Amino acid sequence: MTVEFCGLELEHPVINGSGTFDAIAARRAFGDELVERFPFSAFVSKTVTVEPRQGNPPPRLWEVAGGLINSIGLPNKGLAGYLEHDLPELARLPVPLIVNIMGFSGDEVARLVRAFSEREEVSALELNVSCPNVETGLTMGADPGETGRLLAKVRPLTAKPLIVKLTPNATDVPAVARAAEDAGADAVSLINTLRGMALDPRTGCPWLGGITGGVSGPAVRPIALAQVHAVAQAVEIPIVGMGGVQRGADALDLMRAGASLVGVGTESFRDPAAGIRIARELKELLANSAVEDRRGALAGQPGREL
Ligand code: SIN
């Protein structure tokens, strides 16, 4: 089930969604067994920003039928802290490392791209232009012009693959994807969470400290499928599809809609080993069904590589 993605050879098409699996904490909890049976074929880190961030005030989570609303607000150690503390640990994982980055201006994104471009531990960069929990992130990724200008600025700064994480909270997601492709993105990933809100049933006031948050989980799966399908009609570059994947069948659906890789997010909170199970289920399904990729080649039939 090996798959080639932006020059990386991956063992299977299942990776994690950024910020949904803490590999460092998981190693502490589950020990080296986690490294031997790592759930994903590549690891996408939680978003790194230039400066350290505390994140949004609590409460940060609300459970809804079919998913979660999160308003985490990108807490992280900042670039210097990540390079010193997290990168050495993440570099020990047995799979390629994709670092997710976000800046509050084009200059900040450029600084992050330059810094990670020099690190051989990093296989690719994912540009988060889509976090619904900080204002500027949403603005950059919601507009094709802004997205294109950002890519044009940072593309010349690195030879590493650049994946653009798209927001579903945009009027025309395929247009944003096309702008990213035209300005040199190597791949797009979607969907990030959908903006949502919950009220405290006792007080009627917003439950989340950040007032609104991002909805994820099985409830968003049909939206993810529709958006991946629409983006697949608009771009030639590979797509990482995600949104409510719980089973191999959900992953297969996203691939049929046009995704080359599939991200698992909210399901990992319920079952930290979900990635292993979903990859196994996907392999069984692919052995018995043909998936025609966007260029018309059949994949997944017995004896064929995906
Ligand atoms: C967050 O930390 O608020 C979530 C990150 C994201 O949605 O990009």
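Just above, that's the structure.
Residues numbered from 1 in each chain as written. Predicted model: local features only at pLDDT ≥ 70, side-chain atom pairs only at ≥ 80, totals over all residues. Heavy atoms only, no water.

1. Topic: the packing of aromatic side chains
Worth spelling out the cut-off: Between 30 and 60 degrees the pair is tilted, below 30 it is stacked and above 60 it is edge-to-face, where a pair is any two Phe, Tyr or Trp rings, Trp via its six-membered ring, whose centres lie within 6.5 Å. Every helix listed is a DSSP run of H or I at least four residues long, and every strand listed is a run of E at least two residues long, numbered separately from the N terminus. Between buried and exposed lies partly exposed: a residue is buried under 20% and exposed over 50% of the maximum accessible area for its type, with that area taken using a 1.4 Å probe on protein chains only.
Applying the stated criterion to the full structure yields six aromatic pairs. When the centroid spacing of 5.6 Å and the interplanar angle of 85° are considered together, the rings of Y82 and F116 count as edge-to-face. One end of the pair, Y82, is in helix α3 (residues 78-90); the other, F116, is in helix α4 (residues 106-117), with 34 residues separating them in the sequence. Residue Y82 shares its accessibility class with F116, and that shared class is buried. Through successive ring pairs, a cluster of aromatic residues spans F21, F38, F40 and F43.

2. Structural notes on the packing of helix α8 (residues 221-234) against helix α9 (residues 248-257)
Put simply, the rule is: Angles here are taken between N-to-C directions and fall from 0 to 180 degrees, while the axes themselves are lines fitted to C-alpha atoms, restricted in helices to the stretch in contact. For classification purposes, an angle smaller than 35 degrees is called roughly parallel, one larger than 145 roughly antiparallel, one from 65 to 115 roughly perpendicular, and anything else oblique. Here a crossing is called left-handed whenever its near helix is offset anticlockwise from the far helix by less than a right angle, and right-handed whenever the offset is clockwise. We call two residues in contact whenever any of their non-hydrogen atoms come within 4.5 Å of each other. Gly falls in the polar group here, along with every residue not listed as nonpolar (Ala, Val, Leu, Ile, Met, Phe, Trp, Tyr, Cys, Pro) or charged (Asp, Glu, Lys, Arg).
Where α8 contacts α9, the two axes come as close as 8 Å, and the packing angle between them is 25°. Between α8 and α9, the interaxial angle falls into the category roughly parallel. α8 and α9 meet at a crossing whose hand is right-handed. Residues R221, A224, L225, V228, H229 and A232 of α8 form the contact with α9, whose participating residues are D250, D253, L254 and A257. Classifying every residue of the contact of α8 with α9 gives six nonpolar, one polar and three charged.

3. Topic: the pairing of strand β8 (residues 122-128)
The cut-off we apply is this: When DSSP locates at least two bridges between a pair of strands, those strands are taken to pair. For crossovers, right-handed means that the path from the first strand over the helix to the second runs clockwise, given strands pointing away from the viewer.
With six of seven residues buried, β8 lies mostly within the body of the structure. Summarising the sheet, strand β7 (residues 97-101) and β8 pair through five bridges and their orientation is parallel. Paired with L97 across the two strands is V122, which belongs to β8. For the segment spanning β7, α4 and β8, crossover handedness is right-handed. Where β8 lies against strand β9 (residues 162-165), four bridges are found, and the strand directions are parallel.

4. Brief notes about the sheet that holds strand β4 (residues 43-44)
Here we have eight strands laid out as an open sheet, ordered β3-β14-β13-β10-β9-β8-β7-β4, and parallel in their pairing. A strand with exactly one partner marks an edge of an open sheet, and here the two such strands are β3 (14-16) and β4. Contacts between α3 and the sheet are confined to β4, β7 and β8, with β7 contributing the most and set at about 150° to the helix.

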